[in-house]
Amino acid sequence: MKKKPLLIGAAVLLVAVIVTGMAMRGRGDKAPEVQAAKVSRQKIVQKVSATGKIQPKTQVEISADVSGKITKLSVVEGQHVEKGAFLVGLDRERYVAAVESAEANVSSAQANATLVRENMNRSGNEYKRSKELLAGGLESQAAFEAKQAEHQVEVARYKSAQDNVEQAKAALKQARDDLSKTTIYAPMAGTISALNKEQGEIALGSQFQKDVILIIADLREMEAQVNVDENDIVSIAIGQTAEIEVDAMLDQKLQGVVYEISNSANMAGAGTSEQKTEFEIKIAIKTPPVTLRPGMTASADIVTKTNDTALSVPIQSVAVRTVDQLKKKGEKQKDAESRYKADKDGFVEIVFCIEAGKAVAKQVKTGIQSDDLIEIVDGLKEGDEIVSGSYRAISKDLENGSAVTISKEPKKEDGGKSSASRG
């Protein structure tokens, strides 16, 4: 009597095990769920992103050409000045003394030249008279030659005295120029964007080293100076438009135009694992707001190409596989190689098309791309149904020719790089 419940329990357990096994086997054979989309023509705007700083399009660093103590400083940071306005005055005392000394040297050199000229004229008259006497037999040859040599010496002395006068005048000109440089005027109209020194400090002459006293900038014309990666610089051209965001002004998007591209590269982090090569480009900002200031951090999206009717698919739909990975079950390698042509790195760029409930890998040639769309230049036609998600399925899980089930509700993407990336 007691054995009957045990037999019933064993039978129930056996049925449960069989049902569970069938369910698990059924789930293992179930086709993976994917999202699908149609190949269509859409507008694609390709952009290159870069970061940098806001700077005035025109600015001048004001340094002293001569060294001296700053005795007058008539401007403050943020002040607007007109062209020719007085900016800085340096101590003039030693430069005034240098001018006075140079003027005295010129007078002395001129007086000496006058004396030497008189001696030259006197020796010239004696030489002329001796020559006449020699012709009449009244002067010896030796006396004539002595007068001749004396005159030649005086001529040379006069030439030297004239050179000394010119040197003294040049020194006077230099001394006056140095004196004039103790007063500095604005070379352009603009705003004092930086003031690096105070009255009483020493300004070093620019012949020694760069010593900027202040900076004048025209804040009416501003630009974004940004660095573009070497892989993207080939896409940048003069006249391309850009959208600029400034960290301090997140509520505004500024419009600009590329007007200058550097010919030489900047090397950042040389010799380290973070080494990168970049090129600086300048973007003129259209109608800059008055709140824009030099030195603000900015990022720019530069429009490099636009296609209003590009044959497009979602960017995550494009994946890469090796030819070996694209072989169908039982297919020979050479047959797969006849259908798929790998690039120099051994990869094939593909999109999974849905045909009769299966994901069939089609080799494609891609063109420009935006953040979410990529152009298909060759390999697909408008209206083709393709696998558009999930990212994991496209980039890793799907096999060429495997059965799929189309999900009616798109799953949340699991992130990661674009599936077109080979990294």
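Cut-off values and rules
Residues numbered from 1 in each chain as written. Predicted model: local features only at pLDDT ≥ 70, side-chain atom pairs only at ≥ 80, totals over all residues. Heavy atoms only, no water. Helix = DSSP H or I, 4+ residues; strand = E, 2+ residues; numbered from the N terminus. Buried < 20%, exposed > 50% of the residue type's maximum accessible area, 1.4 Å probe, protein only. Contact = heavy atoms within 4.5 Å. 1 Å grid on protein atoms, 1.4 Å probe; cavity = no way out; pocket = protein on both sides within 12 Å on 5 of 7 lines; lining within 4 Å. Points joined across faces, edges and corners; volume = space filled by probe spheres on them. Nonpolar A, V, L, I, M, F, W, Y, C, P; charged D, E, K, R; others polar. Phe/Tyr/Trp six-rings, centres within 6.5 Å; stacked < 30°, edge-to-face > 60°. Lys NZ or Arg CZ within 6 Å of the ring centre and 35° of its normal. Pairing = 2+ DSSP bridges. Salt bridge = Lys/Arg side-chain N within 4 Å of Asp/Glu carboxyl O. Core = buried A, V, L, I, M, F, W, Y, C linked by side-chain atoms within 4.5 Å. pLDDT = per-residue confidence, 0-100. Axes fitted to C-alpha atoms, helices over the stretch in contact; angles between N-to-C directions. Parallel < 35°, antiparallel > 145°, perpendicular 65-115°, else oblique. Left-handed = near helix turned anticlockwise from the far one by under 90°.

**So, the overall build of the protein chain**
Here's step 1: Of the regular secondary structure elements, the protein chain holds six helices and 24 strands.
Here's step 2: In the protein chain, which comprises 423 residues, the share counted as buried stands at 34%.
Here's step 3: Considering only contacts in the protein chain between residues 6 or more positions apart, those separated by 24 or more positions represent 76%.

**Section: the layout of surface pockets**
Here's step 1: Considered as a void within the structure, the second largest pocket measures approximately 200 Å³ in volume.
Here's step 2: In terms of lining residues, the second largest pocket is bounded by V45, Q46, K47, S49, D301, Q369, S370 and D371.
Here's step 3: No other element matches the four residues that strand β2 (residues 40-56) contributes to the lining of the second largest pocket.
Here's step 4: Considering only residue class, the lining of the second largest pocket consists of one nonpolar, four polar and three charged.

**Concerning unusual backbone geometry**
Here's step 1: Cis geometry marks the peptide bond from G389 to S390; its omega dihedral reads 0 degrees.
Here's step 2: In this structure, S390 sits in the loop between β22 (385-389) and α6 (391-397).
Here's step 3: For T287, which is not glycine, the phi dihedral falls at a positive 40 degrees.
Here's step 4: Among the secondary structure elements, T287 is positioned in the loop between β15 (276-285) and β16 (297-314).
Here's step 5: The phi dihedral of A356 falls on the positive side, at around 55 degrees, and the residue is not glycine.
Here's step 6: Along the chain, A356 falls in the loop between β18 (348-355) and β19 (358-363).

**Description of the packing of aromatic side chains**
Here's step 1: Tallied over the entire structure, the rule returns two aromatic pairs.
Here's step 2: A ring pair is formed by F86 and Y185, whose centres lie 6.2 Å apart and whose planes are at 70 degrees; its orientation type is edge-to-face. Taken together, the positions of F86 in strand β6 (residues 86-90) and Y185 in strand β7 (residues 183-185) put the pair 99 residues apart, joining distant regions of the chain.
Here's step 3: The partly exposed category is assigned to F86, whose relative accessible area is 30%.
Here's step 4: For Y185, a relative accessible area of 47% translates into the label partly exposed.
Here's step 5: Positioned above the aromatic ring of Y259, the side-chain terminus of K57 is 4.5 Å from the ring centre.

**So, the sheet that holds β7**
Here's step 1: Spatially, the four strands line up as an open sheet ordered β7-β6-β4-β9, and their pairing is antiparallel. Of all strands in the sheet, those bounded by a partner on one side alone are β7 and β9 (202-203).
Here's step 2: The pairing of strand β4 (residues 68-73) with β6 spans three bridges and is antiparallel. Its bridge partner lying in β6, L73 is registered against V88.

**Some points on the pattern of salt bridges**
Here's step 1: All chains considered together, the criterion is met by 19 salt bridges.
Here's step 2: E154 is the salt-bridge partner of R157, the closest N and O atoms lying 3.2 Å from each other. Of the two residues, R157 and E154 are both situated in helix α3 (residues 141-180); the distance of three residues between them amounts to about one turn of the helix.
Here's step 3: Residues joined in a network through salt bridges with shared partners are R122, E126 and E150.

**Thoughts on the nonpolar core**
Here's step 1: L87, V88, I213, L214 and I216 are the most contacted members of the largest nonpolar core, which totals 33 residues.
Here's step 2: Elements with a contribution of two residues or more to this core: β4, β6, α2 (93-135), α3 and β10 (212-217).
Here's step 3: The greatest single-element share of this core, amounting to eight residues, is contributed by α2.
Here's step 4: Each residue touching I213, except ones within four places of it in the same chain, is listed here: I62, S63, A64, I70, V88, I184, L195, N196, K197 and A203.
Here's step 5: Of all hydrophobic cores here, the second largest spans 24 residues; its members include A50, A224, I233 and I302.

**Overview of the environment of L179**
Here's step 1: Tracing the backbone shows L179 in helix α3.
Here's step 2: Take L179: its relative accessible area is 15%, and that puts it in the buried class.
Here's step 3: When the C-alpha positions of L179 and R94 are compared, they lie 8.8 Å apart, and in sequence the two are 85 residues distant.
Here's step 4: If we skip the residues at most four places from it in the chain, L179 touches R92, Y95, V96 and V99.

**Some details on the sheet that holds strand β3 (residues 59-63)**
Here's step 1: Spatially, four strands are ordered β3-β10-β8-β5 in an open sheet, and the strand pairing comes out antiparallel. Strands with a single pairing partner mark the edges of an open sheet, and in this sheet they are β3 and β5 (80-81).
Here's step 2: Note that β5 and strand β8 (residues 190-195) share two bridges and pair antiparallel. In the sheet register, V81 faces β8, and the bridge partner there is G190.

**Description of the confidence of the model for the protein chain**
Here's step 1: In this model, the protein chain carries an average pLDDT of 87, and 88% of its residues clear a pLDDT of 70 or more.
Here's step 2: The low-confidence segment residues 1-28 (pLDDT under 50) makes zero contacts with residues lying over four places distant or belonging to another chain.

**Thoughts on the packing of α2 against α3**
Here's step 1: Here α2 crosses α3 at 165 degrees, and the two axes come no closer than 7 Å. With respect to α3, the element α2 is oriented roughly antiparallel. Like other packed secondary-structure pairs, α2 and α3 cross with a definite hand, here left-handed.
Here's step 2: Among the residues forming the contact of α2 with α3, the class breakdown is 23 nonpolar, 11 polar and 12 charged.

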